[in-house]
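Spelled out, the chains give:
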Amino acid sequence: MGPRHPVTSFPLWFKDSTGLLLELGLDRADPFLPAIGDVPAAPAPAPFAADFPDESFYWLADARLTVLGGDVPGRARLVLALEAAFGGTGDVAPGQQMVFGRLRVRIDGGVPGADYVVTHPFGETGSLRADGRGRVFVTDDVGAVPLGFDGALSSEVGPFLRWTSGAELAPGETEAPAGYVGDGATEHTVTGSPFGTNVFRVRGPGVGGPGSDVVETALFTVQGKRATVVGVDVARAVYSRDAAGAVVVDVVAGSEPGQAVEAVVDAGGAPSRIALRATGGRYFGRLDAGTAVPAEVLVVNVGDEPPSTTPAAVTDAVVVTRAEYDIAARTLTVEAASSDLAVPPVLTASDGIGALAAGSATVTLDAPPARVTVTSSRPGAAGPGGVGQRDVTVTGPPSPPAPQPAPAARVAAEPVAVPGATVVLDGSASTGATAFAWTQTAGADVGAVSGAATDRATFVMPAAGGPVTFRLTVSGPGGPAATADVTVGVSTDALLVSGAQFRTASGRWRVRGTATGVAPDTVTVTYEGGDLGSALVDATGAWDVRLTLVAGDGRPRPVPGRTVDVVSSRGGAVTAAVTVRS
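A brief look at the structure comes next.

So, how was this worked out
- Residues numbered from 1 in each chain as written.
- Predicted model: local features only at pLDDT ≥ 70, side-chain atom pairs only at ≥ 80, totals over all residues.
- Heavy atoms only, no water.
- Helix = DSSP H or I, 4+ residues; strand = E, 2+ residues; numbered from the N terminus.
- Buried < 20%, exposed > 50% of the residue type's maximum accessible area, 1.4 Å probe, protein only.
- Core = buried A, V, L, I, M, F, W, Y, C linked by side-chain atoms within 4.5 Å.
- Contact = heavy atoms within 4.5 Å.
- Pairing = 2+ DSSP bridges.
- Salt bridge = Lys/Arg side-chain N within 4 Å of Asp/Glu carboxyl O.
- Patch = residues over 30% accessible without salt bridge, like charges linked within 9 Å, V, L, I, M, F, W, Y side chains within 5 Å.
- Areas by Shrake-Rupley, 256 points an atom, 1.4 Å probe, with all protein chains shown as cover.
- Lys, Arg positive; Asp, Glu negative; His and termini not counted.
- Charge placed at Lys NZ, Arg CZ, Asp CG, Glu CD.

As a further point, take unusual backbone geometry. The omega torsion across Ala 46 and Pro 47 is 10°, close enough to zero to call that bond cis. Along the polypeptide, Pro 47 turns up in the loop between β2 (21-23) and β3 (56-67). Omega for the bond connecting Glu 305 with Pro 306 falls within 30 degrees of zero, at -5°, which places this linkage in the cis form. Locating Pro 306 in the fold gives a position in the loop between β22 (296-301) and β23 (308-313). If you check the backbone angles, Ser 9 has positive phi at about 70° while not being a glycine. By secondary structure assignment, the location of Ser 9 is in the segment before β1 (13-15). Residue Ser 9 is classed as partly exposed on the basis of its relative accessible area, which comes to 24%. Residues other than glycine seldom take positive phi values, yet Glu 528 does so here, at roughly 45°.

As a rule of thumb, nonpolar side chains are buried together in soluble globular proteins. Core analysis: the biggest nonpolar cluster contains 46 residues, and Phe 10, Trp 59, Val 99, Phe 200, Val 202 and Phe 220 have the highest contact counts within it. Every element with two or more residues in this core is listed here: β3, β4 (74-86), β5 (97-108), β6 (115-120), β12 (200-203) and β14 (219-223). If we skip the residues at most four places from it in the chain, Val 202 touches Leu 65, Ala 76, Ile 107, Tyr 116, Val 117, Val 118, Val 207, Asp 213, Val 214 and Val 215. Counting 21 residues, the second largest nonpolar core, distinct from the first, contains Val 525, Ala 535, Leu 549 and Val 578.

By secondary structure assignment, the location of Ala 35 is in the loop between β2 and β3. Taking the C-alpha atoms as reference points, Ala 35 and Gly 184, separated by 149 residues in sequence, lie 7.6 Å from one another.

Regular strands place side chains that alternate from one sheet face to the opposite one. Covered by surrounding structure in strand β36 (residues 456-460) are Ala 457 and Phe 459 only, the residues Arg 456, Thr 458 and Val 460 on the alternate face being uncovered. Pairing of strand β34 (residues 422-426) with β36 involves 5 bridges; the strand directions are antiparallel. Among the inter-strand pairings, Asp 426 is bridged to a residue of β36, identified as Arg 456.

Right, let's talk about the environment of Ala 452 for a bit. Along the chain, Ala 452 falls in the loop between β35 (435-442) and β36. A relative accessible area of 26% places Ala 452 in the partly exposed class.

With that out of the way, let us pick up the pattern of salt bridges. For the coordinates displayed, the defined rule picks out 25 salt bridges. Asp 544 is paired through a salt bridge with Arg 510; the nearest N and O atoms lie 2.7 Å apart. Here Asp 544, found in strand β43 (residues 542-548), pairs with Arg 510, found in strand β40 (residues 508-515); they are 34 residues apart in sequence, far enough to count as distant. What makes Arg 510 partly exposed here is its relative accessible area of 32%.

Time to look at a negative patch on the surface. On the surface, Asp 38, Asp 54, Glu 55 and Asp 91 cluster together into a patch of negative charge. Within the secondary structure layout, Glu 55 lies in the loop between β2 and β3. The class for Glu 55 is partly exposed, based on a relative accessible area of 33%.

Shown next as C-alpha cells:
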C-alpha cells in the first residue's frame, strides 16, 4: 500500500504482485467508478469533504449466475473487493478509517441442505451448505480494523482482475477505458487469476439443470482506476547546526521506485529546493537552510498528476552515545548529544533520570530500565525536539545467588477416603525443600507407600482401623528440616437401593441402586441369609443384582413386608423392602 492521503488518511493506493497500482474511487461523476456510497444525510465531519462516502472501493469485481435444482430458478453471486469503509457505527469519522479485502458468495434458490462448492479467481471454497430455504451466504472480510490498513494485504484478494485485452478479447468485447481496469458496469472476460481460474463456477446438485451439477461464467463487471498520484512518505527530517550557525536539513523519504522526488525548505525567506537521490524506493537529500532552523520541510513527488506534497516537521537529531549500568556501583550513566551545536537544547532522559548536564547524567538505581529515551527541548526554537533511544548495557560481575529459603513443609490430601481407594499425599506446595520423606505415624498399617521419598506419595486406604496419619519431613540447604502431619479419615460407602423386586411367576429377583464407591467396589445382596448375588459398581456409581430361581432352589421365596440386606466391599450397608409381583 502507498502513503496515506494527507487529509483522509486512507492509503493513496494499493499495489498487487504485478505492479498494478489502484487508487480509491471517490469521484461520483466518474462513469467508470459507479460503486460508491450514497451522499450522507448529514455532512461528513472534518477533515473529510462534506459528501465523503461511508464506503468506496479501490477495486471491485462482481459475477452472477442462474442456478437450478430448487423449486424455481435461483441465482448465485460472487463479490470480490478491496473496500474502504469506517468502523464503529459505520459513519464517516476520523480514526475509524479501515480497508479490507472481501470475498462474498451468495446463492438463492438452491436445494435445502445441499452442499455447494464455489471456484473463483483466487481459489476455491470448502463445502457450503444451503439452509432450509436453499440459501448460502458467506462473507470473508479480512483487515477490517480501524487504521490497520495493512491487514487487507493478508486477504485472498489479489492480483487485481482486469478486463482482457489485445488477443485475449472475446468477440464483441472492447479494451478497458484508458487508466481503468474495467468500466464498472459491462460484463467482460477478465485476466489476473494466479491459478488461471478466471471464472465463477458453482458445483452442486442439478445447478445446471437435470443431470448437470456444474454451472459457470467467465464474465465479470470490474471497477478500478489506475493511480495517478503515487505520493511520498517522509521517514526522517532532521537538522544539524554547526558552531558557526550554518544549518542543513537531512531528509529520508519513501515512495515507489523511479519517482521524481524533491524537498523544499524556507532558507531565511528564500526557498531552498533539491532533488532527492534514490536507492529503490528510498529517497535522500541534504538541504542548505542558511542560518535559520525551518519549522518544516515539504517533500514533493513532482511526477504525480497533480504533484503531491507531504509536509514534515523538522527536528534536531538526538544520538544517545552511552547508556551503561554498573551493577557493582548501582549507577546508570547516560550520555547524549544533539545535532544543534550552536544552540544546544536541554536533553532529558526518561525513567526519572532527568536532565543531562553537558550531555551526561549519572544516577543511582537498584534496577535500570531496559532502554533509555532522550528527548530534546529546543528552547526558543520553532518545531518539536528530537528523540533518541539506546538499549542499556550492563557491566560488572553477576548478581550473588539468592539466599536459600528455610524448608517449610506443606501437605494436602483427601480428608476422607473409602477403604480400598488410592489416596494421594501431596507435598508439592512445600518450599525450600530438596528432600522429602513420608512416614505413617498412626492408624492401621497401610503397607507399601509408593513415592515415599518424593513430594507426592500414594497408599491404599485399609478396610479397617479408623483414620491413618502421615508425617512429611522436608529438608534443604536453607535451614533445619521441617515437618507437617496429615490425617485421612475412613469414609463408609454410602449405599442406596432404588428398587428391590421379586416376580412370583418367573421366580426372578432384581435389586438395584447406587454406591459412592466405584469398581472394584462390589455390592452383595442377601435375603434371610440366602445369597442372591453380587455386582460391581460401574463408573457412574450404579449397581444391579439379578437372579432367577429355578425348580429345586432351596432359597426362600419372599412375601410382602420382608426386606433384603445389601452390603458393599467398602463397608456400606443398607436394608430395603421387597416388592412382590406376580
